[in-house]
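# Geometric and topological summary
Here's the letter readout for the chains.
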Amino acid sequence: MTDHIRWFDDLSKEDIPLAGGKGANLGELVRAGLPVPPGFVVTAEAFRSFLAKDQLVDEISDALDIVDVDDTFSLRSTAQSIQARIHEAPLPEATRSELDKAYRELCKRTSAPESEETLVAVRSSATMEDTAQASFAGMNRSFLNVLGEDQLARRVKDVWASLYSPRVIFYRKRLELLGEPEIAVIVQEMAESDKSGVAFSVDPASGDPDTIVIEAAFGLGEVVVAGEVEPDHYNVAKHDLATRSIHIGHKAIMMKRDRTSGNVRMQLSPEEAGSQVLTEDEIRTVAELVRKSESHYGAPQDVEWAIEGDRTYIVQSRPVTGLAELTTTAEMPKTQRELVRGLGASPGGAVGTVRLVTSLEEAEKLRPGEILVTKMTSPDWVPLMRRAAAIVTESGGMTSHAAIVSRELGLPCVVGARTAMSVLSDGMTVTVDGAGGVILEGEARQTLEHAAQATTTDGAGSSAVSSRLVTATKLYVNLAEPELATRVAAMHVDGVGLLRAEFMILSALQGTHPRRLMEQGRGDEFVDRMEEQVRIIAQAFHPRPIIYRAMDFRTNEFRGLSGGDEFEPHEENPMIGYRGVYRYVSEPDLFRLELKLLQRVRKSFPNVHMMLPFVRTGSEMRTCMRIIDDSGLTSEPGFQLWVMGEVPSIVYWLEEYAAMGIAGVSIGSNDLTQLVLGVDRDNDELAPLFDERDLAVTGAIKGIIDECHRLGLQSSICGQAPSVHPEYAELLVRFGIGSISVSADSLDRARYNIASAEQRIMLEHARIALSV
């Protein structure tokens, strides 16, 4: 054992500074007696020695000091120069000798024939000191099917060199991150998997702690993790490992490993695609390993596993850790040729140059004022979206990320435009009609004039009228951007009914997964940055109430953050997966950071309260309440704790929630509609079925409001429905709702609709009284 090479069985969770998070975790699994493909870690100390030997530290530092990251040529040439120096510099003799010796020893420990060398995977592993990696995990490269000592040595240096790609340099300079990044490298035997997949030690959809969920496919697990096939799905009872249910998926392809050509995709016959992957014995074996992993870590686990012959391995285990209206509902007049049509998701018109962006790696392509066209967006796209004049996505519906963020930012947006990436091309001039959901060729002046006139009329007329209206039903605003707080607070609004944490997290932490900061011992930094953001909004609205919703990233969104792939499970349907209160009780240390920031803010601004999203059951709520009580928040004078009414089970559990001390319920009509109608709101194929006005949905809403009245709780709504459908305000007023929260650009219209509804109801009551 040396400071440059550490075998997995020499590592534990205490060795993150030396072996990185992934490397230390593999050592922890081995120490727990769980079967892990053998391997070792080239430590961060080896990387430091490599830089020091050829005096690369000063050379790299000097190059980075003078690079102009806004100059694409300068950035790329600097990156190429640094990477070339790393590639050409030889490994220190001692390091190379230890690496070769470790590889030869690994060949002896593996199942490879004595005459053959072992195929290995070479992966990056972030360290605690690795600020760039911590902020931008996923940028460093990994390599599969590495064979032989020479190729291994090259690939180790390739991983090191990836620390100095143009993208990493750009972001490090932008964020003024100091110090040299560090990294460890994992070298591990590649299992020749016959079957593989993922498993969860709890049911990520229902939160059932006694259900182990296993997903399986033939061949290598990449096809499962990447969602390329529909895997088999097995539910297993944790207490006795009995199989509860089996769903056979359609696995059209499998991936096999070839020693000469790498990973090879193979098409399966219909019979093979529809056959069951795991036998009963194999299901039990995988479930037993998952149960042991959870027992060792003391928390629910997301496990990647593989079966090779008669051996079953754990490859990795980690913690399962509204549309505003125009003044007219008619579409804008079209005088130009229609190019693409989708769903109008955020109103307004914009003309600009098309810029196709397929991933965040191409972010620098988008210039301010251009039309961003992409397949879909996620939370880490927000800084990029702010630069655009309009947003067009091929997928998504009215409640997709692109739609919600565009409405928050006041940008025209068209979603579900399925042919946008193929019909539109870079450099085209187009006009985006965010209300009608169309993209027109060229500059459609009549369309833009119509949008401008509509906006001006609505802004002047409605504001003037609404500012004189007084309503019994409170009108709140949905907010996420501190930059908008001062302007929105000046409007005729009674408070913030939904303060989303997610966008502030992205802004404050530059898209880094909060657990990455905690891994580095920088939890207070997370609290400090979030506190600064929340204070801006709290001060702007004081003394009006602000309901802060605890972070509600779904796993697919969390995985998109830097470092997220190390902390988040892969889920087939994240909408009903590992989120909300169940996440808080599973990861109380992260949840406590939010409680801490609210305590700090409330010392100056006691108008800030808290709301818990996606509450499923009484048991998880009880556990969550104990965490909140321990923080001291519930004992503070005037503090209010709200819950979201998104899961239909709330009607059953609300009496118990009230007994726990909640102050109110805010109905999330987006998720409630999804769960009542069984419609995935992220699936544009089902967009025609997603309707908050369906009688089943409005019946559920009435049931929640009625129960709030019975229990003496406040009732509100913060979903998109009141912003999108004018008639919804009257429906809610008739149900007796206490407040309605809408997007900022819907405030004036909503106030008018609420006042009209209240007056009609008063007239109806007066007529009834007179007739009696």
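Just above sits the structure.
For the structure given in this document, a descriptive report is provided here. (Residues numbered from 1 in each chain as written. Predicted model: local features only at pLDDT ≥ 70, side-chain atom pairs only at ≥ 80, totals over all residues. Heavy atoms only, no water.)

### So, the overall build of the chain
The test is simple: Every helix listed is a DSSP run of H or I at least four residues long, and every strand listed is a run of E at least two residues long, numbered separately from the N terminus. Accessible area is worked out with a 1.4 Å probe on protein chains only. A residue is then buried under 20% of its type maximum, exposed over 50%, and partly exposed in between. The method behind every accessible area is Shrake-Rupley, applied with a 1.4 Å probe, and residues are considered shielded solely by the protein chains displayed.
Secondary structure summary: the chain contains 30 helices and 29 strands in total. The buried share of the chain, reckoned over its 772 residues, is 58%. A total accessible area of about 30000 Å² is found for the chain, and carbon and sulfur atoms account for 51% of it.

### What about the sheet that holds strand β23 (residues 496–500)?
Rule in force here: Two strands qualify as a pair provided DSSP detects at least 2 bridges between them. Between N-to-C directions, angles span 0 to 180 degrees; the directions come from axes that are lines fitted to C-alpha atoms, helices contributing only their stretch in contact. The criterion used for residue contact is that any of the two residues' heavy atoms lie within 4.5 Å.
Across the sheet, eight strands lie side by side as β28-β27-β26-β25-β24-β23-β22-β29; this open sheet has parallel pairing. This sheet does not close on itself; its edge strands, each paired only once, are β28 (714–717) and β29 (739–742). In this sheet, adjacent strand axes meet at a mean angle of 30° when their direction is disregarded. Where strand β22 (residues 474–479) and β23 come together, three bridges link them in parallel fashion. If you follow Asn 478 over to β23, its bridge partner there is Leu 498. Relative to strand β24 (residues 546–549), helix α19 (residues 523–541) is tilted by about 155°, and along the sheet it contacts β22, β23, β24 and β25 (608–612).

### Brief notes about the sheet that holds strand β19 (residues 413–415)
Pairing in this open sheet of eight strands is mixed, and the strands run β14-β21-β20-β16-β17-β18-β19-β15 from one edge to the other. The two strands at the open ends of the sheet, each matched to only one other strand, are β14 (338–341) and β15 (343–346). Adjacent strand axes in the sheet meet at a mean angle of 30° when their direction is disregarded. Looking at chain direction, strand β16 (residues 349–356) and strand β20 (residues 429–433) are connected through five bridges and run antiparallel. Opposite Gly 352, over in β20, you have Val 430 as the bridge partner.

### Comments concerning unusual backbone geometry
Here the amide bond leading from His 542 into Pro 543 is cis, since omega sits at 5°, within 30 degrees of zero. Note that Pro 543 resides in the loop between α19 and β24. Positive phi, normally seen in glycine, also occurs at Leu 241, with a value near 60°. With respect to the helices and strands, Leu 241 occurs in the loop between β8 (232–237) and β9 (243–247). The class of Leu 241 is buried, set by a relative accessible area of 5%. Even without being a glycine, Phe 614 presents a positive backbone phi close to 45°. Inspection of the secondary structure puts Phe 614 in the loop between β25 and α24 (618–631).

### Some remarks on the side chain of Ser 125
To be explicit about the condition: Any pair of nitrogen or oxygen atoms within 3.5 Å is treated as a polar contact; in protein, a donor-acceptor pairing is required on top of that, and neighbouring residues in sequence qualify only through side-chain atoms on both sides.
Take Ser 125: it is sitting in strand β3 (residues 119–126). Polar side-chain contacts of Ser 125 include one of 2.8 Å to the backbone oxygen of Ala 19. Leave out the neighbours within four places in its chain, and Ser 125 touches Ala 19, Gly 20, Gly 21, Lys 22, Gly 23, Ile 183, Ala 184 and Ile 186.

### Looking at the pattern of salt bridges
Let me state the cut-off plainly: For this analysis, a salt bridge means a side-chain nitrogen from Lys or Arg found within 4 Å of a carboxyl oxygen belonging to Asp or Glu.
Tallying each qualifying case throughout the model produces 45 salt bridges. With a closest N to O distance of 2.8 Å, Asp 158 and Arg 155 form a salt bridge. Residue Asp 158 and its partner Arg 155 are located together in helix α7 (residues 149–161), separated by three residues, close to a single helical turn. Of the charged contacts in the structure, one is a salt bridge between Arg 583 and Glu 587, with a shortest N-O distance of 3.2 Å. Glu 587 matches Arg 583 in its accessibility class, with the two residues each being buried. Taken together, the shared-partner salt bridges in this structure form one network comprising Arg 355, Glu 362, Lys 365, Glu 370 and Asp 426.

### Looking at helix α27 (residues 695–711)
For clarity, the cut-off: Take the residue count of a helix, subtract one, and multiply by 1.5 Å to get its expected span.
If you check α27, its first and last C-alpha atoms are 24 Å apart, about what 17 residues at 1.5 Å a residue would give, namely 24 Å. The complete set of buried residues in α27 reads Val 697, Thr 698, Ala 700, Ile 701, Ile 704, Ile 705, Glu 707 and Cys 708. Near the N-terminus of α27, the side chain that reaches the backbone nitrogen of Ala 696, with its oxygen 2.8 Å away, is that of Asp 694.

### Comments concerning the packing of helix α5 (residues 93–109) against α7
Rules: For classification purposes, angles smaller than 35 degrees are called roughly parallel, those larger than 145 roughly antiparallel, those between 65 and 115 roughly perpendicular, and all remaining angles oblique. Less than a right angle of anticlockwise turn of the near helix away from the far helix marks a crossing as left-handed, whereas a clockwise turn marks it as right-handed. Any residue that is not Ala, Val, Leu, Ile, Met, Phe, Trp, Tyr, Cys, Pro, Asp, Glu, Lys or Arg is counted as polar, Gly included; the first ten are nonpolar and the last four charged.
Remark: α5 packs on α7, axes separated minimally by 10 Å, with the N-to-C direction vectors making an angle of 125°. By the angle between their directions, the pair α5 and α7 is classed as oblique. At the point where α5 passes α7, the crossing takes the right-handed sense. Contact with α5, carried on its side by Arg 96, Leu 99, Asp 100, Tyr 103 and Arg 104, involves Glu 149, Asp 150, Leu 152, Ala 153 and Val 156 of α7 and no other residues of that element. Broken down by class, the residue content of the contact of α5 with α7 amounts to five nonpolar, no polar and five charged.

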